[in-house]
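# Secondary and tertiary structure notes
Chain by chain, the residues run as shown.
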Amino acid sequence: MSRTALGFILLIIAGVVAPWLNIYPTFLMKGWCFALFACAFNLLLGYTGLLSFGHAAFFGAASYITGHALKVWGLPPEIGLLAGTVFAGVLGYLFGSLAIRRAGIYFAMITLALAQMLYFVWLQMKFTGGEDGLQGVPRGMMFGVIDLTNNVNLYYVVFAIFLFGFFMIYRTIHSPFGQVLKSIRENEPRSISLGYDVAKYKLLAFVISATLSGLAGATKTVVFQLASLTDAHWHMSGEVVLMTLLGGMGTVFGPVVGAFVIVTLQNELADKVGSWVQVIMGFIFVICVLAFRRGIVGELMALFRNLYQRPVGLSARQADVKDTKA
Amino acid sequence: MKHKLMFALVSAALMSLPAGVALAQQKKADAKPAAVKLSDGMVKIGILTDLSGTYSDLAGSGSVLAAKMAIEDFQAQEKDRAFKIELVTADHQNKGDVASNRAREWFERDQVDMIGDLVTTSTALAVMPVAKQMNRITIVSGAASTPITGKNCTDLNVHYVYDTYALAVGTGKAVVKQGGDTWFFLTADYAFGHALEKDTTEVVIANGGKVLGSVRHPFPGTDFSSFLLKAQASGAKVIGLANAGADTQNAIKQAAEFGITPKQSLAGLLMFISDIHSLGLKATQGMYLTEGFYWDFNDETRAWSKRFFEKHKRMPTMVQAGVYSSTLHYLKAVKAAGTDEAKAVMKKMKETPVNDFFAKNAKIRDDGRLVHDFYLLQVKKPQESKSPWDYYHVRQVIKAEDAVMPGAKTECPLLKM
Amino acid sequence: MFELLGITPQALYGQLLVGLINGSFYAILSLGLAVIFGMLNIINFSHGAQYMMGAFIAWIGLTQVGQWIGDPGFSVSYWTALLLSPLLVGAFGIVIERTMLRHLYKLDHLYGLLLTFGIALIIEGLFRDWYGISGQQYEIPEALQGAINLGFMFLPKYRAWVIVASLVVCFATWYVIERTKLGAYLRAGTENPKLTQAFGINVPLMITLTYGFGVALAAFAGVLAAPIFTVGPKMGADLIIVVFAVVVIGGMGSILGSIVTGLALGLIEGLTKVFYSEASAVVIFVIMVIVLLVRPAGLFGRER
């Protein structure tokens with residue numbers, strides 16, 4: 001049995017058992033939504049080397065579309081989720097085709113600016129409820145049989161959605177397509193010279209990432225029964241960068257860990273230190289960048305590697321866990 | 001192989017750890033359906049407010065203090081200590097989602113019985129349906145929009161202090177009567193601003209005034225100069241500021257800068273004494289505004305406000321006074337009902353009129369609106385102000401039945417029955 | 001013609017002037033970003049936070065310092081703050097460069113962006129915790145109170161001063177960089193740091209000072225802004241994203257380019273407010289999209 005498969009099994013066990021460990025289910029569901037969001041983001045940052053500072057755009061857009069589909073059109077949740085996700089994908093195509101015209105820092109600034117533009121659009125559109133947001137989105141019956149108003153049902157649906165997205169990302173990374181992405185990250189000119197249409201690969205990665213971020217946003221709407229500007233604000237984009245960075249970018253499980261740590265911090269600290277949360281997040285950011293660039297999972301793996309003195313010559317599979325591009 | 005296993009284990013542990021620590025109380029909440037009598041012999045009150053944002057001055061820690069004072073006063077009155085009361089507070093950062101999540105947690109996990117303050121419309125509207133779903137009470141003191149007791153009303157909510165209708169009736173009518181019969185609106189471009197503009201427009205027209213136009217500014221706005229120039233170009237006698245907090249303050253400041261204010265007058269449609277305090281009398285003198293409470297109104301208000309001032313170093317806003325009054329009213333209703341079950345308590349709250357320094361003989365209507373008097377106020381000139389916080393002339397007491405939207409006009413289905 | 005458009009010439013000129021004022025802020029801020037980018041190759045995400053710091057220091061000087069030192073009569077005037085605040089914030093920037101940014105130069109430039117983002121969060125959070133999020137008022141200095149009647153509009157003296165001051169600072173910066181020997185060293189250091197170092201010029205020191213200067217520009221803009229806008233912890237965050245779009249439109253290749261783009265976009269934004277004010281928040285972003293489609297490197301930029 002491969003080690004990643006083992007990781008998967010443990011992840012599944014943790015996910016299935018968690019709600020029976022006296023853990024507040026809404027908190028867990030929030031964690032899974034953000035874990036999916038961070039994983040989708042990681043596909044772009046960790047595996048393609050593109051830092052998007054506007055991923056909240058997709059998260060927020062899907063959130064609004066799903067909310068509207070469920071609340072106003074009265075669609076069943078599975079269709080609502082799909083609508084939001086597809087919309088995020090289309091948006092990803094539009095933003096992506098613009099943003100990949102530039103690289104590096106410019107790419108980051110363009111995605112940020114585009115997301116901010118969309119933020120203003122949501123603010124002014126009637127159906128989003130502006131500052132008030134879309135409140136009281138009904139959860140409904142999934143596929144007509146699963147009653148999502150029951151927290152336990154909802155939890156397992158959310159967890160299943162996470163696993164689906166997570167597996168999609170995993171498959172993408174480990175497909176030939178994913179290998180090309182990594183080669184672009186490592187050395188773009190060489191990939192071009194090898195005959196790859198780099199722009200097309202980047203765009204596709206962008207669209208996949210946007211779509212799955214959308215899925216995360218759509219799911220979040222069903223859980224919390226609301227969509228709001230917070231989901232589309234650039235602070236959200238910054239948060240997902242932090243989750244990925246803290247957990248370990250370019251690692252499969254890192255963003256999941258990062259997401260849960262950040263969500264926990266926010267939950268626990270909010271009561272104790274109030275508005276200092278932002279300062280603490282800032283410090284985590286700075287520390288991660290200065291001293292901790294591999295993130296939690298990346299550092300742990302490096303630690304184990306050192307402990308067991310594995311030869312570092314390596315199969316492709318080992319290589320992909322190691323490279324955190326520090 | 002081995003290290004990968006360990007790594008996976010650690011990852012899994014990391015993921016479940018926070019959750020495990022977090023919520024041991026969950027089971028308790030699950031095991032217990034809506035309480036029939038005092039849950040654990042304790043009443044838990046949550047103050048959900050803006051502790052760090054734009055509205056922290058007008059609600060924020062002052063609201064928390066007000067709730068604390070209400071609880072202390074109640075316990076002092078009930079010397080035999082009828083029941084234990086606990087206060088929890090949280091910062092909702094003016095975000096509906098944060099508020100709704102916090103409320104969900106408080107209800108499901110911590111057995112909170114009532115949530116108060118709820119400054120800003122978005123947070124109030126987010127929390128109300130959650131409370132309704134879980135059979136708990138909300139008392140809105142901080143938010144303004146009329147839908148709270150209109151199409152979004154619930155039978156377990158009270159809208160205690162003020163709303164856009166009352167503000168429009170007060171300020172709008174007064175300004176038109178003073179001769180300000182042509183209006184131009186500077187509106188914050190979101191639901192609350194739109195509601196305020198709409199309510200005021202109706203009042204202006206009903207009183208024989210005319211609305212020449214309006215301009216919507218982004219929220220939050222920093223530079224209002226271009227919008228003010230538009231208002232200037234309209235030639236309207238009155239520029240209505242359908243915004244709040246920092247936006248209103250900025251607009252007032254910049255209107256003075258561009259030489260607009262002496263010629264055209266401004267009407268701040270939602271202003272608090274805290275806004276006047278930070279802008280200063282020089283910039284605000286002569287403005288009309290409507291509030292549901294003014295600390296310097298009579299001996300009773302002064303007595304309470306002095307107590308508040310000693311602890312907070314600021315005079316109370318109407319929101320903070322409302323939090324005190326409503327919390328006390330709630331606690332008395334719990335005692336009278338002999339339970340903290342929401343429906344029974346709400347029934348008592350609606351049966352008993354509110355009678356304190358905040359409101360006289362005011363009753364809570366079925367849509368949740370507390371029907372009480374409002375005050376039309378005018379900001380004093382700097383030389384008229386004799387002491388700190390001495391800011392207003394009370395120009396008129398607007399009778400409750402005029403200030404509050406008539407039941408027939410609201411969209412709340414609870415009133416139609 | 002004006003009748004046709006449904007506006008008066010007065011309103012139009014007024015809006016254009018207001019647009020020019022906003023453009024001045026865009027210009028100083030994007031200039032600062034461009035100077036830093038030229039030398040350090042990073043985008044300074046904390047630029048907005050440093051702009052906010054500049055404003056706050058001026059405000060603290062005017063209203064708080066007196067109480068701190070137990071002499072309520074004492075206060076730092078606007079004019080002193082205009083000099084002092086950029087110096088302090090510049091020094092703060094130098095500390096950040098020396099202790100943190102320096103370690104990131106050998107890495108991907110994105111780490112610089114991430115680090116400065118984190119710093120921006122910290123600065124903003126701290127000021128929010130100390131002074132609350134609702135703004136503080138800063139009085140217009142006595143000498144600049146009142147307005148000039150231009151016939152078609154009242155131009156507040158202070159706003160006229162903002163335009164003049166920022167234009168002077170922008171063009172002085174341009175002159176120093178493009179026309180003096182010091183500027184030549186700088187440009188050489190940008191072009192080829194190793195070679196420049198080999199000529200005996202202390203490139204690391206130059207980098208440090210450049211960052212300090214860029215940050216000081218932001219603080220200068222902050223002090224200029226203090227009497228116009230409310231001094232609050234979020235004042236920079238909202239502005240900086242627009243400035244990013246300005247930078248993308250202009251391209252960061254040239255100093256003059258960033259100044260001109262900043263001013264021009266201010267004017268365009270002003271015009272939008274006349275004709276369709278709902279779009280004023282997005283117009284700069286829309287222009288950015290168009291520029292990206294037509295000239296991906298930006299109006300004045302060259303592809304690196």
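Residues numbered from 1 in each chain as written. Chains lettered and ligands numbered in written order. Predicted model: local features only at pLDDT ≥ 70, side-chain atom pairs only at ≥ 80, totals over all residues. Heavy atoms only, no water.

This part is about the overall build of chain C. Assigned secondary structure in chain C consists of 13 helices and 2 strands. Principal axes of the C-alpha set define a box for chain C whose edges measure 65 × 60 × 35 Å. Within chain C, the fraction of its 304 residues that count as buried is 62%. Across chain C, contacts joining residues at least 24 apart in sequence account for 78% of those joining residues at least 6 apart. Accessible surface computed for chain C: about 11800 Å², of which carbon and sulfur atoms make up 69%. (Helix = DSSP H or I, 4+ residues; strand = E, 2+ residues; numbered from the N terminus. Buried < 20%, exposed > 50% of the residue type's maximum accessible area, 1.4 Å probe, protein only. Contact = heavy atoms within 4.5 Å. Areas by Shrake-Rupley, 256 points an atom, 1.4 Å probe, with all protein chains shown as cover.)

All names here are of chain B. The end-to-end C-alpha distance of helix α5 (residues 121-134) is 20 Å, a good match for the 20 Å that 14 residues give at a rise of 1.5 Å each. Those residues of α5 not exposed but buried are T121, S122, T123, A124, L125, A126, V127, M128, V130, A131 and M134. Trailing α5 by a residue or two, N135 shows a phi angle of about 60°, which is positive. (Expected span 1.5 Å × (residues − 1).)

What follows covers the state of the cysteines. Evaluated as defined, the whole model comprises 1 disulfide over all chains. Across the disulfide, C153 of chain B is cross-linked to C412 of chain B (sulfur-sulfur distance 2.0 Å). Handedness here is read from the sign of the S-S torsion; for C153 of chain B and C412 of chain B, about 80°, the answer is right-handed. In this pair, C153 of chain B sits in the loop between β4 (137-140) and β5 (157-159) while C412 of chain B sits in the loop between α15 (400-403) and α16 (413-416), placing the two residues 259 residues apart along the sequence. For C412 of chain B, a relative accessible area of 0% puts it in the buried group. Take C39 of chain A: it sits in no disulfide, and the sulfur closest to it among the cysteines is that of C33 of chain A, at 12 Å. Given the relative accessible area of 3%, C39 of chain A is considered buried. (Disulfide = S-S within 2.5 Å.)

A separate point is the interface of chain A and chain C. Listed by partner, the interface residues are 40 residues for chain A and 47 residues for chain C. Between chain A and chain C, a total of about 4000 Å² is buried, with carbon and sulfur atoms accounting for 77% of that surface. Three residues stand out in chain A for area buried against chain C, namely I105, M109 and Q278 of chain A, and they jointly supply 16% of the buried area on that side. Taken together, chain A and chain C are joined by 4 residue pairs in polar contact (both at pLDDT 80 or more). Those elements that provide at least two residues to the side of chain A that touches chain C are α5 (104-124), α10 (234-247) and α12 (277-291) of chain A. Broken down by element, the side of chain A that touches chain C gets its largest block of residues, 13 residues, from α5 of chain A. (Buried area = accessible area lost by both parts, 1.4 Å probe. Polar contact = N/O pair within 3.5 Å; in protein donor to acceptor, adjacent residues only side chain to side chain.)

This part covers the pattern of salt bridges. Applying the stated criterion to the full structure yields 25 salt bridges over all chains. With a shortest N-O distance of 2.9 Å, E257 of chain B and R159 of chain C are connected by a salt bridge. Pair noted here: E257 of chain B is in helix α9 (residues 245-257) and R159 of chain C is in helix α7 (residues 157-179), and the two residues belong to different chains. Here the salt bridges share partners, and the residues they tie into one network are R102, E105, R109 and D110 of chain B. (Salt bridge = Lys/Arg side-chain N within 4 Å of Asp/Glu carboxyl O.)

Counted according to the given criterion, the structure contains 59 aromatic pairs over all chains. A centroid spacing of 4.9 Å and a plane angle of 50° characterise the contact between W304 of chain B and Y324 of chain B, whose relative ring orientation is tilted. On the criterion of sequence distance, the pair formed by W304 of chain B in helix α12 (residues 299-312) and Y324 of chain B in helix α13 (residues 318-337) is long-range, its members being 20 residues apart. On the basis of relative accessible area, W304 of chain B is assigned to the buried category, the value being 3%. For Y324 of chain B, a relative accessible area of 5% puts it in the buried group. Feature note: the residues F8, W32, Y155, Y156, F159, F162, F166, F167, Y170, F253 and F260 of chain A constitute an aromatic cluster, connected by ring pairs. The aromatic ring of Y111 of chain C is capped on one face by R293 of chain A, whose charged end is 5.8 Å from the ring centroid. (Phe/Tyr/Trp six-rings, centres within 6.5 Å; stacked < 30°, edge-to-face > 60°. Lys NZ or Arg CZ within 6 Å of the ring centre and 35° of its normal.)

All names here are of chain B. Relative to the 28 Å expected for 20 residues at 1.5 Å per residue, α13 spans 28 Å between its end C-alpha atoms, a close match to the ideal helical length. In terms of burial, α13 is a largely internal element, 16 of the 20 residues being buried. Downstream of α13 by one or two residues, G338 has phi in the positive range, about 70°.

Right, let's talk about the interface of chain B and chain C for a bit. Contact with chain B, which involves 26 residues of that partner, is made by 29 residues of chain C. With both chains or domains summed, chain B and chain C bury close to 2300 Å², and 50% of this area falls on carbon and sulfur atoms. Together, K253, E257 and F258 of chain B form the three largest contributors to the area buried by chain B at its contact with chain C, with a combined 25%. Applying the counting rule to chain B against chain C returns 1 salt bridge. Here chain B and chain C share 5 residue pairs in polar contact (both at pLDDT 80 or more) between them.

With domains assigned, chain A is organised as domain 1 (13-293) and domain 2 (302-326). On a C-alpha basis, the centroid separation for the pair domain 1 of chain A and domain 2 of chain A is 28 Å. (Domains from an automatic or database assignment.)

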